[in-house]
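Residue-level structural notes
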Amino acid sequence: MTAMKERSQSVWMDVEVAPEAEPLSQDTDVEIVVVGSGIAGLSIAYELAEKGVSVLVIDRGEIAGGMTSRTTAHLAPICDDSLAELVSKRGRDAARAFQASQAAAVDRIESIVARHEIDCEFRRLDGILFLAPTDEETVLDDEVKAAAHIAVDVMRGSGLPLQGLHATPYLRYPEQATFHPLKYLRALCDVISAKGGRLHPRSAVEEIEETEDGVTVRAANGISVTARHAVVATNSPIHARYAYHTKQAPYRTYAMAFEIERGLVNDALYWDTLDPYHYVRLTGGSDGNDLLIVGGEDHKTGEDDNAVERFAALETWVKTLVPKLGRETHRWSGQVMDTLDFGAYIGLDADSKRVYVTTGDSGQGITHGVVASLIIPKLIADEQSEYAAIYDPSRTPAKRFGAFVGENLTAVSNLAQYVMPSEITSVDELKQGEGAILRDGLSKIAAYRADSGEVVKVSAVCTHLGCHVKWNSFEQCWDCPCHGSHFAPDGTVLNGPAVKPLPPA
Ligand SMILES: Cc1cc2nc3c(=O)[nH]c(=O)nc-3n(C[C@H](O)[C@H](O)[C@H](O)COP(=O)(O)OP(=O)(O)OC[C@H]3O[C@@H](n4cnc5c(N)ncnc54)[C@H](O)[C@@H]3O)c2cc1C
Ligand code: FES
């Protein structure tokens, strides 16, 4: 096997969530099988286990090793695409219900933390939205108006204790929150296990089959789990070929952490009014320091391969606000699935009686994952959920038809790759650690040169729905621009919806 470079590491990843859990090793029967062990899958499994339901969680990678381990963990009920946009796209009633559900998710985390005395740095703090220098103050006026329409508390102010912002207008949203996501999920896994729930990492699922009286989930190693119901919490759904993928689009997003003297910046969640916005938050560091996390610079997956410039832009932006930053400790990236109306798709699959789904995190994936845990266990138990209607997975947002077409243009324009010239004409052009697309007759090959000099060649055609992958030099992987699959240089699936590796070329 070719030695691959390490992928980037976030600030949380030194915490192991369920190190003792073992891959699925024999056919099993259970009441509910949850595919995917991020914040969504584990929160749902926790609620089910607490109700005494027998639950099994299965994951392709390590437990909680997906996008949740790459988050920056703002627990901000405030729609991060702006309240004015939310009200305009969804109307006042749905927007109010959306905000209430997001706030309920944060309340639920808080109550679970209190109940199990979880040491995960959970705390309530202010969210501060400040005016970007290029924006007009009317942006904030619109937010205040929208907040009033949907009963969100907001206070207006001007002047923040950050360099260059001494007279900047801002909005303050109280009762936001933050935490250490992996410390929290480690505790949830302890509860799930203590209640008899099972956790199986390193067990990729390839197929979910619904029958008259149950569901069969088949892992790549040939082992099956049969259950009464399945919940697909794989971030990007692995089972429905088209249903969700035409209503959401993958965006790559970047984050960095720097040491900062404790107390230099007030503990709050800060973000600006740009689109995509920049944001800042703090987390505990060592030796009397904190870590300041900065993030943003999002772009559509696969559309750019310039992480170095994006990190440089983030660093310049944050050092303008906080010039006395210490050394950089981490830089990493991840992916979010943006939906057309900012809400996730959560509930029973259309045309299904037994398969539930949660997807479409929209940059609020932590709170959306917990919202899913407030909805899906209730639906499974045939109970009403007050939030189910606004997250209905079968909805197609009428007011965003233009965006709907736009997001699908990625898949359409990607078809042109079949006839476009290749990026290189020979693997001799590849330097160590580089990947590029090469033409071989009618087909395209994704070629990568390892540090050892060895060249690995796999098909460039994504095994999900046939788009062409793009090289990501920062994460050293192949990204599919259409629906967000990621593959290692040797073709191994790193992120769905693909379930099959890129075959050797
Ligand atoms: C840099 C960054 C910053 C962010 N900041 C915030 C923030 O401040 N606030 C916020 O709310 N959200 C934020 N988000 C979004 C949020 O972190 C994610 O949306 C959320 O963690 C996703 O959770 P999840 O459970 O849906 O997915 P994941 O955590 O990705 O879990 C899905 C799991 O499914 C597994 N899986 C996939 N396919 C298969 C298969 N075939 N078989 C078995 N298992 C499979 C994966 O291995 C994975 O473990 C951020 C995201 C990023 C990348
Ligand atoms: S992720 Fe759908 S075609 Fe690649």
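Residues numbered from 1 in each chain as written. Chains lettered and ligands numbered in written order. Predicted model: local features only at pLDDT ≥ 70, side-chain atom pairs only at ≥ 80, totals over all residues. Heavy atoms only, no water.

1. Points about the site of ligand 1
Around ligand 1, a shell composed of 35 residues is seen, among which Asp59, Arg60, Thr68, His74 and Asp361 lie nearest. Between an oxygen atom of ligand 1 and a main-chain N or O atom of His74, the distance comes to 2.8 Å. Protein contacts shield 96% of the accessible area of ligand 1, which totals 1,000 Å² for the unbound molecule. Looking at the shell around ligand 1, the elements that each hand over two or more residues are α1 (39–50), β15 (328–339) and α6 (365–380). Partitioning the shell around ligand 1 into residue classes produces 13 nonpolar, 18 polar and four charged. Here the shell around ligand 1 spans two domains, and each of domain 1 (28–71 + 182–246 + 342–396) and domain 2 (121–178 + 249–334) adds at least three residues to it. (Near = heavy atom within 4 Å. Polar contact = N/O pair within 3.5 Å; in protein donor to acceptor, adjacent residues only side chain to side chain. Areas by Shrake-Rupley, 256 points an atom, 1.4 Å probe, with all protein chains shown as cover. Helix = DSSP H or I, 4+ residues; strand = E, 2+ residues; numbered from the N terminus. Nonpolar A, V, L, I, M, F, W, Y, C, P; charged D, E, K, R; others polar. Domains from an automatic or database assignment.)

2. So, the sheet that holds strand β22 (residues 477–479)
Pairing in this open sheet of four strands is antiparallel, and the strands run β21-β22-β23-β24 from one edge to the other. One side of each edge strand has no neighbouring strand; the edge strands of this open sheet are β21 (470–472) and β24 (493–495). (Pairing = 2+ DSSP bridges.)

3. Looking at the domain arrangement of the protein chain
According to the domain assignment, the protein chain contains domain 1 (28–71 + 182–246 + 342–396), domain 2 (121–178 + 249–334) and domain 3 (418–495). Distance between the C-alpha centres of domain 1 and domain 2: 30 Å. Counting residues at the interface gives four residues for domain 1 and four residues for domain 2. Summed over both sides, the interface of domain 1 with domain 2 buries roughly 330 Å², with 42% coming from carbon and sulfur. Considering only the side of domain 1, the residues that lose the most area to domain 2 are Met67, Arg70 and Lys183, jointly responsible for 79% of the buried surface there. (Contact = heavy atoms within 4.5 Å. Buried area = accessible area lost by both parts, 1.4 Å probe.)

4. Looking at the environment of Lys444
With respect to the helices, strands and loops of the structure, Lys444 is situated in strand β19 (residues 443–449). C-alpha of Lys444 to C-alpha of Val458: the two residues are 14 residues apart in sequence and 9.0 Å apart in space.

5. Focus: the packing of aromatic side chains
Summed over all chains, the structure comprises 10 aromatic pairs. Aromatic pair Phe179 and Tyr184: ring centres 5.1 Å apart, planes at 50°, arrangement tilted. The burial state of Phe179 is the same as that of Tyr184; both residues are buried. Ring pairs connect the aromatic residues Tyr254, Phe311 and Phe474, which therefore count as one cluster. (Phe/Tyr/Trp six-rings, centres within 6.5 Å; stacked < 30°, edge-to-face > 60°. Buried < 20%, exposed > 50% of the residue type's maximum accessible area, 1.4 Å probe, protein only.)

6. What to know about the side chain of Lys247
Looking at where Lys247 falls in the secondary structure, it is placed in the loop between β10 (224–232) and β11 (248–261). No salt bridge is formed by the buried Lys247, whose closest oppositely charged neighbour, Asp392, lies at an N-O distance of 7.1 Å. Among the polar contacts listed, one links the side chain of Lys247 to the backbone oxygen of Arg395, at a separation of 2.7 Å. (Lys, Arg positive; Asp, Glu negative; His and termini not counted. Salt bridge = Lys/Arg side-chain N within 4 Å of Asp/Glu carboxyl O.)

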